[in-house]
Amino acid sequence: MEDLDRSRVRPGIEQTQLSDLRAIGLDWDGPVVRQSERMELYEEAIEQLDAGGLLYPCFCTRAEIRAAASAPHGISTSDRYPGTCRDLTALQRAEREAAGRPPALRVRAGDARVAFEDRLLGCSEEMVDDFVVRRNDGTPAYQLAVVVDDARQQIGEVVRGADLADSTPRQILLARLLGLREPAYAHVPLVLGPDGRRLAKRHGAVALSDRSEGPEEVRSWMARTLGLAETGEMASIDDLLDRFDPERLPREPTVWSPSSTV
Ligand SMILES: [Zn+2]
């Protein structure tokens, strides 16, 4: 359970997510692990990086980073961190600390280039920027937490939505800096709303409990989008497991419409 961002965690959400997964027939190994209960592990990893001289405090606001990342002709190059706080002197650091804004912690990526092969997306290579490993409210960053979790849980292959592919080079770099085993990756295409954006509440009744169809119908629709079932077929979980072949997964997103599962 990725519940580190306390401002976004609402009571009852976890139970709904777990019961929806169960209703669809998806299960999991062992008890549910919550990131909010693993703070010491993340802090240990942060301390390990810090002991290696790999972290520095960053006092920038989002607006400052955006402004600094803009090219002289006014076009923002990306959301990459431009390195503003990388080489602050002790005096400059003290001045910024005295101004009262608590710093985030960034990792010194050293313009590392990280290459990796994704089972579905193929090979890519990207330069990694100095990204945040602890936010300025003290919360471990998502990038750090998932790397620690995957290693602790001995995850051999990370399968997740293609919207997270951009995070992968950062996570591989972190695993290397922490001396952890790098998992393999498979980024699967997303389900999009009719407007082409990632399917979300704004698209209407997309939660299982909002749908008039039963969980088996919803599961069958999902199976069809993966090429694992015929239209109108109600395949059991065992059937789907027998048919599953990662090489046959679609490479393009599925567009959902309100009548999709009917
Ligand atoms: Zn900064």
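Per-chain numbering applies: the sequence of each chain, read as written, is numbered from 1 onward. Predicted model: local features are reported for residues with pLDDT of at least 70 only, side-chain atom pairs are reported and counted for 80 or more only, and whole-chain, interface and lining totals are derived from all residues. The side-chain quantities take in all heavy atoms of the structure and omit both hydrogens and water.

Enquirer: Help me out: how do you make sense of the nonpolar core in this one?
Expert: Side chains of a nonpolar character, in soluble globular proteins, are inclined to be buried together. We define a nonpolar core as any set of buried Ala, Val, Leu, Ile, Met, Phe, Trp, Tyr and Cys residues linked to one another through side-chain atoms lying within 4.5 Å. Note on classification: 1.4 Å probe, protein chains only; a residue is buried when its accessible area is under 20% of the maximum for its type, exposed when over 50%, partly exposed between these limits. Leu55, Phe131, Val133, Leu144, Leu173 and Leu174 are the most contacted members of the largest nonpolar core, which has 27 residues in total. A run of DSSP states H or I qualifies as a helix once it reaches four residues; a run of E qualifies as a strand once it reaches two. Both are numbered from the N-terminal end. At the level of elements, helix H2 (39-51), strand S2 (104-107), strand S3 (113-118), helix H5 (142-152) and helix H6 (168-177) are the ones that each hand at least two residues to this core. The element that contributes the greatest number of residues to this core is H2, accounting for five residues. Contacts are residue-level and defined by heavy atoms, with any inter-residue pair within 4.5 Å sufficient. The residues contacting Leu55, other than those within four sequence positions of it, are Ile46, Leu49, Asp50, Leu105, Arg106, Val107, Arg108 and Val133.

Enquirer: When you look at the coordination of the zinc ion in this model, what are you seeing that I'm missing?
Expert: Counted as donors are N, O and S atoms no farther than 2.8 Å from the metal, or 3.2 Å for Na, K and Ca; water is not among the atoms, and sites may therefore look incomplete. In the first shell of the zinc ion, the protein supplies Cys58 (SG), Cys60 (SG), Tyr81 (OH) and Cys85 (SG), at 2.1 to 2.3 Å from the metal. Angular criteria define each label, namely tetrahedral for four donors with all angles between 85 and 135 degrees, square planar for four and octahedral for six donors with opposite donors over 155 degrees apart and remaining angles between 65 and 115, and irregular for whatever fails these tests. If you look at the zinc ion, its four donor atoms make angles of 100 to 122° with each other, and the shape they trace is tetrahedral. Sequence positions of the donors to the zinc ion reduce to the motif C-x1-C-x20-Y-x3-C. Accessibility assignment for this pair places Tyr81 and Cys85 in one class, buried.

Enquirer: In this structure, what is going on with the side chain of Asp118? I would like to understand it.
Expert: Of note, Asp118 is situated in strand S3. Buried within the structure, Asp118 lacks any salt-bridge partner; its nearest side chain of opposite charge belongs to Arg160, at an N-O separation of 7.2 Å. Side-chain polar atoms of Asp118 contact the backbone nitrogen of Leu120, separated by 2.7 Å. A 3.5 Å cut-off defines polar contacts: any pair of N or O atoms within that distance qualifies, except that in protein one atom must be a possible hydrogen donor and the other a possible acceptor, and neighbouring residues in sequence count only when both atoms are side-chain atoms. Side-chain polar atoms of Asp118 contact the backbone nitrogen of Leu121, separated by 2.8 Å. Asp and Glu count as negative and Lys and Arg as positive, but His and the ends of the chain are not part of the count. Whenever a carboxyl oxygen of Asp or Glu lies within 4 Å of a side-chain nitrogen of Lys or Arg, that contact is scored as a salt bridge.

Enquirer: Before we go on, may I ask you to explain a negative patch on the surface in this structure?
Expert: A contiguous patch of negative charge on the surface is contributed by Glu40, Glu44, Glu47 and Asp50. Summarising the element assignment, Glu47 is placed in helix H2. Look at Glu47 and you get exposed, because its relative accessible area is 54%. A patch consists of residues exposed above 30% relative accessible area that lack any salt bridge, with like charges linked at up to 9 Å and nonpolar side chains (Val, Leu, Ile, Met, Phe, Trp, Tyr) linked at up to 5 Å. Accessible areas in this description were obtained via Shrake-Rupley with a 1.4 Å probe; residue shielding takes into account the shown protein chains only. Where a charge lies is defined by one atom per residue type, namely NZ (Lys), CZ (Arg), CG (Asp) and CD (Glu).

Enquirer: For this particular structure, what's the right way to read a nonpolar patch on the surface?
Expert: There is a patch of nonpolar side chains on the surface, built from Leu21, Leu26 and Trp28 and spanning about 240 Å² of accessible area. Turning to its location among the elements, Leu21 is positioned in helix H1 (residues 13-24).

Enquirer: What exactly am I supposed to notice about the sheet that holds S2 here?
Expert: The pairing of strands in a sheet comes from backbone hydrogen bonds and takes either a parallel or an antiparallel form. Any two strands are treated as partners once DSSP identifies two or more bridges connecting them. Taking strand neighbours across the sheet as the criterion, the three strands line up as S1-S2-S5 in an open arrangement whose pairing is antiparallel. Two strands in the sheet have a free side with no partner beyond their single neighbour: strand S1 (55-58) and strand S5 (132-134). Across the sheet, the mean angle from the axis of one strand to that of its neighbour is 45°, orientation sign disregarded. The sheet contact formed by S2 and S5 spans two bridges and is antiparallel. From the neighbouring strand, Arg106 faces S5, where its bridge partner is Val132. Every axis in this analysis is a line fitted to C-alpha atoms, fitted for helices over the stretch in contact. Angles between the N-to-C directions lie between 0 and 180 degrees.

Enquirer: What am I meant to see in empty space enclosed by the protein here?
Expert: The method is simple in principle: a probe with the dimensions of a water molecule rolls over the atoms, and the space it marks as empty is what remains. Both site types are read off a 1 Å grid over the protein atoms alone. A 1.4 Å probe that fits but cannot get out defines a cavity, while an open set with protein on both sides within 12 Å along at least five of seven lines defines a pocket; lining residues have an atom within 4 Å of a point. Grid points are joined across faces, edges and corners, and a volume is the space filled by probe spheres set on the points. By the definition in use, this model includes one cavity of 30 Å³ or more. In this structure, the largest cavity occupies an estimated 50 Å³ of space. Only H5 and H6 provide two or more residues apiece to the lining of the largest cavity. Of all the elements, H5 adds the most residues to the lining of the largest cavity, at three residues.

Enquirer: What am I meant to see in the pairing of strand S4 (residues 122-127) here?
Expert: When a strand is regular, its side chains alternate between the sheet's two faces. In this structure, S3 lies alongside S4, joined through six bridges in antiparallel fashion. If you follow Ala115 over to S4, its bridge partner there is Glu125. Linking S3 back to S4 in an antiparallel pair, the connection comprises three residues.

Enquirer: For this particular structure, what's the right way to read H5?
Expert: Every α-helix winds through 3.6 residues per turn, so residues three or four apart in the chain are directed the same way. With eight of 11 residues buried, H5 lies mostly within the body of the structure. Looking at the residues trailing H5, positive phi occurs at Gln154, about 55°.

Enquirer: Honestly, the pattern of salt bridges in this entry has me stumped. Any pointers?
Expert: Side-chain pairs of opposite charge can arise where the charged atoms are in close proximity. The full count for this structure, using the stated rule, is 16 salt bridges. Residues Asp129 and Arg170 are paired through a salt bridge, measuring 2.9 Å at the closest nitrogen-oxygen approach. Here Asp129 is found in the loop between S4 and S5, whereas its partner Arg170 is found in helix H6, with 41 residues between them in sequence. The class of Arg170 is partly exposed, set by a relative accessible area of 22%. Within this structure, Asp5, Arg135 and Asp137 form a network of salt bridges that share partners.

Enquirer: Where do I start with the packing of H2 against H5 in this structure?
Expert: When two helices pack together, you describe them by how their axes are tilted relative to each other and by the distance separating the axes. Where H2 meets H5, the closest approach of the two axes is 10 Å, and the angle between their N-to-C directions is 105°. It follows that H2 is roughly perpendicular to H5 by the angle criterion. Together, Leu41, Tyr42, Glu44, Ala45, Ile46 and Leu49 of H2 and Leu144, Ala145, Val148, Asp149 and Arg152 of H5 make up the contact between the two elements. For the contact of H2 with H5, the per-class residue count stands at eight nonpolar, no polar and three charged. If an angle is under 35 degrees, it is roughly parallel; if it is over 145, roughly antiparallel; if it lies from 65 to 115, roughly perpendicular; otherwise it is oblique. The nonpolar class holds Ala, Val, Leu, Ile, Met, Phe, Trp, Tyr, Cys and Pro. Asp, Glu, Lys and Arg form the charged class, and all remaining residues, Gly among them, are polar.

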